[in-house]
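Close look at the chain arrangement
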Number of protein chains: 4
Amino acid sequence: MTPVEAEKAPAASTAADRRAARAEARREEILDAAQRIFAVKGYHEAGIADIATELGIGHGTFYRYFANKQDIAAQVLERAIMQIAAALADEDPTASSTVDEYREQTRRIMFSMFELLDARPEAFNLLHVQSLAIDVEALHTSFEAYSGYTEKFLENGVEKGFLRQDMDVEITAQALVGLIFEGTRRAIAEDAARETWTRWIEAGVALMFDGVSG
Amino acid sequence: MTPVEAEKAPAASTAADRRAARAEARREEILDAAQRIFAVKGYHEAGIADIATELGIGHGTFYRYFANKQDIAAQVLERAIMQIAAALADEDPTASSTVDEYREQTRRIMFSMFELLDARPEAFNLLHVQSLAIDVEALHTSFEAYSGYTEKFLENGVEKGFLRQDMDVEITAQALVGLIFEGTRRAIAEDAARETWTRWIEAGVALMFDGVSG
Amino acid sequence: MTPVEAEKAPAASTAADRRAARAEARREEILDAAQRIFAVKGYHEAGIADIATELGIGHGTFYRYFANKQDIAAQVLERAIMQIAAALADEDPTASSTVDEYREQTRRIMFSMFELLDARPEAFNLLHVQSLAIDVEALHTSFEAYSGYTEKFLENGVEKGFLRQDMDVEITAQALVGLIFEGTRRAIAEDAARETWTRWIEAGVALMFDGVSG
Amino acid sequence: MTPVEAEKAPAASTAADRRAARAEARREEILDAAQRIFAVKGYHEAGIADIATELGIGHGTFYRYFANKQDIAAQVLERAIMQIAAALADEDPTASSTVDEYREQTRRIMFSMFELLDARPEAFNLLHVQSLAIDVEALHTSFEAYSGYTEKFLENGVEKGFLRQDMDVEITAQALVGLIFEGTRRAIAEDAARETWTRWIEAGVALMFDGVSG
DNA sequence: AATGAATGAGTCTTCATTCAT
DNA sequence: AATGAATGAAGACTCATTCAT
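Below, the discussion takes up the arrangement of the chains. Taking C-alpha atoms only, the smallest gap left between chain B and chain C, which are not in contact, amounts to 13 Å. At the C-alpha level, the nearest point of chain A lies 14 Å from chain D, with no contact between them.

Residue and element names in this part refer to chain D. For helix H4 (residues 69-88), built from 20 residues, the straight-helix expectation of 28 Å at 1.5 Å per residue is met to within 8% by its first-to-last C-alpha distance of 29 Å. Every buried residue belonging to H4 is among Ile72, Ala73, Val76, Leu77, Arg79, Ala80, Ile81, Gln83, Ile84, Ala87 and Leu88, and all of these are buried. The opening residue of H4, the one whose side-chain oxygen lies 3.3 Å from the backbone nitrogen of Gln70, is Asn68.

We now examine the side chain of Ser142 of chain B. Looking at the secondary structure, you find Ser142 of chain B in helix H7 (residues 136-160). Residues contacting Ser142 of chain B, with those up to four places away along its chain left out, are Ile81 and Leu127 of chain B.

Further remarks concern empty space enclosed by the protein. Residue and element names in this part refer to chain D. All chains considered together, the criterion is met by six cavities of 30 Å³ or more. Space inside the largest cavity adds up to approximately 260 Å³. In terms of lining residues, the largest cavity is bounded by 17 residues, among which Leu88, Ile109, Thr150, Val177 and Ile180 are the most central. Secondary-structure elements contributing two or more residues to the lining of the largest cavity are helix H5 (99-119), helix H7 (136-160), helix H8 (169-189) and helix H9 (194-210). Along the lines of polarity and charge, the residues of the lining of the largest cavity split into 14 nonpolar, three polar and no charged.

A few words on the protein's contact with DNA strand E. As a matter of local geometry, DNA strand E sits amid 29 residues, with Thr61, Arg64 and Tyr65 of chain A together with Gly60 and Thr61 of chain D nearest to it. Between DNA strand E and Gly60 of chain D there is a distance of 2.9 Å, counted from a base nitrogen to a backbone nitrogen or oxygen. One of the side-chain nitrogen or oxygen atoms of Thr61 of chain D is found 2.3 Å away from a phosphate oxygen of DNA strand E. Put simply, the parts of the chain that give the surface near DNA strand E at least two residues each are helix H1 (3-41) and helix H3 (59-65) of chain A together with helix H3 (59-65) of chain D. Split into classes, the residues belonging to the surface near DNA strand E amount to ten nonpolar, twelve polar and seven charged.

All names here are of chain D. Structurally, Tyr65 can be placed in helix H3. Relative accessible area serves as the criterion here: at 25%, Tyr65 is assigned to the partly exposed category. Ignoring any residue separated from it by four or fewer positions in sequence, one finds Tyr65 in contact with Ala23, Arg26, Arg27 and Ile30.

What follows is about the protein's contact with DNA strand F. By nearness alone, 29 residues border DNA strand F, and Gly60 and Thr61 of chain B together with Thr61, Arg64 and Tyr65 of chain C come closest of all. Near the protein, within 4 Å, the atoms of DNA strand F are sugar or phosphate in 65% of cases. Gly58 of chain B has a polar backbone atom sitting 3.3 Å from a phosphate oxygen of DNA strand F. Within the side chain of Thr61 of chain C, a nitrogen or oxygen atom sits 2.5 Å from a phosphate oxygen of DNA strand F. Those elements that provide at least two residues to the surface near DNA strand F are helix H3 (59-65) of chain B together with helix H1 (3-41) and helix H3 (59-65) of chain C.

Each copy superposes on the other: chain C lies on chain D with an RMSD of 0.3 Å after a rotation of 179 degrees and an axial shift of 0.0 Å. Taken together, the rotation and translation relating the two chain copies correspond to the operation of a two-fold axis. Scanning chain C for the C-alpha nearest the rotation axis identifies Gly211 of chain C, at a separation of 2.1 Å. By residue overlap, the copies meet face to face through one surface: 100% of the interface positions of chain C are interface positions in chain D.

With that settled, the discussion passes to the relation of the copies chain A and chain B. Between the two copies, chain A and chain B, the superposition gives an RMSD of 0.3 Å; the rotation angle is 179 degrees and the shift along the axis is 0.0 Å. A shared interface surface links the copies, since 100% of the contact residues of chain A are contact residues in chain B too.

Right, let's talk about the packing of helix H6 (residues 121-134) of chain C against helix H8 (residues 169-189) of chain C for a bit. All names here are of chain C. It is at 10 Å that the axes of H6 and H8 come closest, and there the two elements cross at 115 degrees. Our classification of the angle between H6 and H8 gives roughly perpendicular. The two elements H6 and H8 cross, and the hand of that crossing is left-handed. Residues Pro121, Phe124, Asn125, Leu127 and His128 of H6 pack against Phe181, Thr184, Arg185 and Ile188 of H8. Grouping the amino acids of the contact of H6 with H8 by side-chain chemistry returns five nonpolar, three polar and one charged.

Of the volumes computed, that of the largest pocket is approximately 810 Å³. Together, 33 residues line the largest pocket, and His128, Leu132 and Arg185 of chain C together with Leu132 and Leu139 of chain D are the ones closest to its centre. Elements represented by at least two residues in the lining of the largest pocket include exactly H6, helix H7 (136-160) and H8 of chain C together with helix H6 (121-134), H7 and H8 of chain D. Classifying every residue of the lining of the largest pocket by side-chain character gives 18 nonpolar, nine polar and six charged. Approximately 700 Å³ is the volume found for the second largest pocket. As for the second largest pocket, its lining consists of 30 residues, of which Val129 and Gln130 of chain A together with Leu132, Ala133 and Val136 of chain B are closest to the centre.

Taken together, the 41 residues of chain A in the interface contact 42 residues of chain B. With both chains or domains summed, chain A and chain B bury close to 3900 Å², and 58% of this area falls on carbon and sulfur atoms. Looking at the side of chain A facing chain B, the largest losses of area belong to Arg164, Arg186 and Val212 of chain A, adding up to 17% of the total buried there. Our enumeration of links across chain A and chain B arrives at six salt bridges. Of the charged contacts in the structure, one is a salt bridge between Arg199 of chain A and Asp168 of chain B, with a shortest N-O distance of 2.7 Å. Our count for the contact surface shared by chain A and chain B stands at 22 residue pairs in polar contact (both at pLDDT 80 or more).

Residue and element names in this part refer to chain A. As far as domains go, chain A holds domain 1 (3-66) and domain 2 (71-210). Of note, the centres of domain 1 and domain 2, computed from C-alpha atoms alone, are 32 Å apart. Domain 1 puts 14 residues into the contact, and the matching count from domain 2 is 16 residues. Note on domain 1 versus domain 2: buried area summed over both sides is about 1300 Å², and carbon and sulfur give 63% of it. Sorting the residues of domain 1 by area buried against domain 2 places Gln35, Phe38 and Tyr43 first, and these three jointly supply 47% of that buried surface. For the pair domain 1 and domain 2, the interface holds two salt bridges. At the junction of domain 1 with domain 2, the criterion picks out four residue pairs in polar contact (both at pLDDT 80 or more). By residue number, the principal contributor to the side of domain 1 that touches domain 2 is H1, which donates nine residues. The residue inventory of the side of domain 1 that touches domain 2, partitioned by class, reads eight nonpolar, three polar and three charged.

Here we take up the packing of aromatic side chains. Counted according to the given criterion, the structure contains 44 aromatic pairs over all chains. A centroid spacing of 5.4 Å and a plane angle of 70 degrees characterise the contact between Tyr102 of chain B and Phe209 of chain B, whose relative ring orientation is edge-to-face. With Tyr102 of chain B in helix H5 (residues 99-119) and Phe209 of chain B in helix H9 (residues 194-210), this residue pair connects regions lying 107 residues apart in the sequence. Just as Tyr102 of chain B is buried, Phe209 of chain B falls in that class too. These aromatic residues form a ring-pair network of at least three members: Tyr102, Tyr149, Phe153, Phe162 and Phe209 of chain A. Over the aromatic face of Phe143 of chain A sits the side chain of Arg185 of chain B, whose NZ or CZ is 4.4 Å from the ring centroid.

Here we come to the environment of Val99 of chain A. Among the secondary structure elements, Val99 of chain A is positioned in helix H5 (residues 99-119). Spatially, the C-alpha atom of Val99 of chain A lies 7.1 Å from that of Leu163 of chain A, the residues being 64 residues apart in sequence. Ignoring sequence-local partners within four residues, the contact set of Val99 of chain A consists of Phe162 and Phe209 of chain A together with Ser213 of chain B.

About the criteria used
- Residues numbered from 1 in each chain as written.
- Chains lettered and ligands numbered in written order.
- Predicted model: local features only at pLDDT ≥ 70, side-chain atom pairs only at ≥ 80, totals over all residues.
- Heavy atoms only, no water.
- Contact = heavy atoms within 4.5 Å.
- Helix = DSSP H or I, 4+ residues; strand = E, 2+ residues; numbered from the N terminus.
- Expected span 1.5 Å × (residues − 1).
- Buried < 20%, exposed > 50% of the residue type's maximum accessible area, 1.4 Å probe, protein only.
- Polar contact = N/O pair within 3.5 Å; in protein donor to acceptor, adjacent residues only side chain to side chain.
- 1 Å grid on protein atoms, 1.4 Å probe; cavity = no way out; pocket = protein on both sides within 12 Å on 5 of 7 lines; lining within 4 Å.
- Points joined across faces, edges and corners; volume = space filled by probe spheres on them.
- Nonpolar A, V, L, I, M, F, W, Y, C, P; charged D, E, K, R; others polar.
- Near = heavy atom within 4 Å.
- Least-squares fit on C-alpha atoms with pLDDT ≥ 70 in both.
- Axes fitted to C-alpha atoms, helices over the stretch in contact; angles between N-to-C directions.
- Parallel < 35°, antiparallel > 145°, perpendicular 65-115°, else oblique.
- Left-handed = near helix turned anticlockwise from the far one by under 90°.
- Buried area = accessible area lost by both parts, 1.4 Å probe.
- Salt bridge = Lys/Arg side-chain N within 4 Å of Asp/Glu carboxyl O.
- Domains from an automatic or database assignment.
- Phe/Tyr/Trp six-rings, centres within 6.5 Å; stacked < 30°, edge-to-face > 60°.
- Lys NZ or Arg CZ within 6 Å of the ring centre and 35° of its normal.

Structure representation (structure tokens):
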């Protein structure tokens with residue numbers, strides 16, 4: 001390789017890289033705009049034109065990055081599900097060894113859910129309100145993933161003996177997911193204050209660990 | 001009043017009554033058809049034409065009974081919510097005096113939910129899948145009603161001393177509604193077998209009354 | 001049947017008939033307009049909007065009568081092919097018994113083609129210019145039909161002995177169709193005068209019956 | 001002119017020549033690709049993108065060589081017409097002195113048409129199927145050229161006395177062109193076997209020289 | 001000279017709603 | 001009271017063409 005070639009090669013590669021990076025950035029921009037638009041207007045009421053206008057780009061540009069409306073919607077939804085999943089991923093399902101540790105872990109998980117809800121309300125709006133219009137299957141799959149993850153925590157507790165031994169781990173995990181999501185659903189619907197979070201976390205943890213019995 | 005009038009008046013009134021009854025019956029027919037269609041095709045995919053065709057009536061006739069698509073959808077949804085509410089109404093929130101009685105009552109309530117789900121899957125489909133497309137507000141209102149009703153059961157237990165005294169009754173009721181609806185949501189989505197119901201009822205009751213702690 | 005029913009029944013049937021007749025008339029109107037538009041602007045340049053505007057009806061009305069653009073185009077083309085075929089159908093393939101009779105018959109056929117071309121130039125424009133854009137297959141099928149029909153005349157002549165005995169009837173028929181259609185093609189393209197028709201008919205008949213040899 | 005300039009000038013001119021040659025070669029490549037694409041997909045269905053992709057060049061590059069889609073289509077069509085014309089140009093319109101010589105000449109011409117059709121089916125597809133979408137006028141002009149050329153052969157025969165003296169040379173030439181093109185049209189449409197060629201040539205020549213009379 | 005990202009005019013098609021019969 | 005023909009707003013999507021790099 002001559003010095004000239006040595007200089008050219010990286011340059012060319014950088015140019016191509018830059019282009020790819022730009023394209024990816026633009027794709028991300030459109031995805032963001034779409035998430036906003038879908039969250040505000042809803043999947044069906046939102047038009048491709050709305051997304052394009054939001055970004056000040058032409059309609060056609062949109063179609064350079066996404067095949068069609070359904071395509072971007074699915075990607076937006078998937079991203080929202082991933083963002084939420086990421087908030088849960090910090091916790092290790094096998095970390096707790098006592099009820100109190102697990103109780104504390106649960107508090108943290110619920111808290112990060114509410115934090116995320118504050119930071120990215122659109123992500124939850126997508127999940128709660130738009131997902132059905134976009135792809136019913138995707139919603140179900142994501143709930144499956146969340147409950148599967150929750151199951152691991154419960155299994156850990158049962159194995160280590162600090163949770164009820166006769167627990168139907170699978171169903172209980174599903175029920176707990178329902179419980180948590182109802183919390184976030186209401187928080188969005190009612191535009192809940194931070195104080196309400198605390199009540200949900202405390203009441204939720206109390207219900208989950210102690211039940212309603214006196 | 002002449003004898004002639006005396007005869008006519010009741011006759012006329014009966015004719016009007018019959019007409020009104022007929023109209024009401026037709027309205028109900030259309031509502032039924034719409035519920036089926038919405039449940040099968042979804043709110044947005046379903047057209048007025050589908051409903052009219054299902055009944056063998058003209059499109060125009062539809063508009064003699066309902067103002068527009070949104071109108072009938074709202075009524076269909078409201079009806080579905082009422083049908084589900086009716087299944088709960090059999091139980092008296094103040095009936096239980098011991099934990100075991102309430103536990104039994106809760107079992108019955110959950111069981112009737114699953115029975116209703118078997119009898120009227122469209123009602124639940126409407127609630128779970130279509131409601132968001134039709135009227136987000138209505139869904140929230142209905143959840144509000146369900147949780148308000150559940151609250152009464154909890155309050156009764158707290159007052160009578162057989163439920164946890166420090167319970168956040170409002171939030172706990174909301175959480176329990178979320179839990180139950182997740183159960184029905186999954187039952188519909190997965191077309192669950194009767195056996196799964198039992199697991200849900202048992203695991204749900206266990207979680208609710210005893211919590212997960214060992 | 002009571003007298004009342006007797007009166008009603010026909011009346012009802014007439015009302016339905018009238019509606020069907022109106023629909024058919026409208027369908028025909030749209031078909032006519034489409035033929036004009038397609039002939040003037042060409043299949044691809046013509047829009048549904050052009051057809052609707054031509055008739056002063058809404059775009060949507062068009063779709064009550066035809067499934068889509070391709071649908072009406074196919075029907076327009078089929079109609080044009082039928083109109084041209086009708087002009088030929090007057091002649092009986094087995095009528096001639098001598099060369100002179102057949103020669104006269106051929107003259108008449110060619111003449112009616114030119115007459116039709118004068119009366120319905122759009123029909124020929126459709127066939128010659130638009131057909132390929134609409135449905136290549138349809139054009140080929142129609143040529144097949146025309147040459148099949150021509151074949152019958154030639155067979156008749158060969159059987160009766162007044163036409164060349166060693167003739168390849170099939171191919172010759174195809175060639176003659178090509179010859180005639182080139183005549184009409186040019187007549188349209190050049191907006192030919194009536195005098196040109198006569199030259200085509202005479203030269204065509206001479207070529208067909210006597211060939212070019214001296 | 002300094003010696004240096006003397007050396008540079010020719011070098012520059014050669015470089016420019018090479019560049020021009022390269023440009024011409026590229027132009028030809030694009031033209032070839034376009035001919036293939038138009039023949040396969042049709043003028044309207046084919047996109048500039050298809051042509052660019054076929055060659056692995058950018059869309060923009062296309063526009064350095066052709067003004068627009070219509071432009072290249074016209075050139076492709078013109079080239080096809082020229083290619084077909086070239087196949088005819090081998091024959092001298094004044095070469096024949098007897099009917100038999102002309103008959104033989106005609107056979108050769110028809111044969112070379114079928115040979116060309118075998119070698120360059122796209123050229124004929126362009127002419128028969130795409131030309132109308134591209135430029136109706138061009139098609140007519142080319143037919144004009146073909147018939148003008150045919151006319152020369154006929155005139156030669158009439159002058160030399162071996163063809164019918166009362167022939168309408170102009171119209172007859174046009175009719176013969178129609179006859180031949182119908183042959184090639186069918187050959188393409190039906191993907192005709194080589195055997196069919198012979199039948200067309202024989203039947204065509206027989207019809208042309210002897211007519212159908214017995 | 002080559003590229004390909006950006007553009008937006010243009011088109012078909014759907015469907016809720018109205019209204020004359 | 002019932003009908004269904006007519007309507008046109010609305011929206012997704014394509015593709016020839018331009019132009020900055």
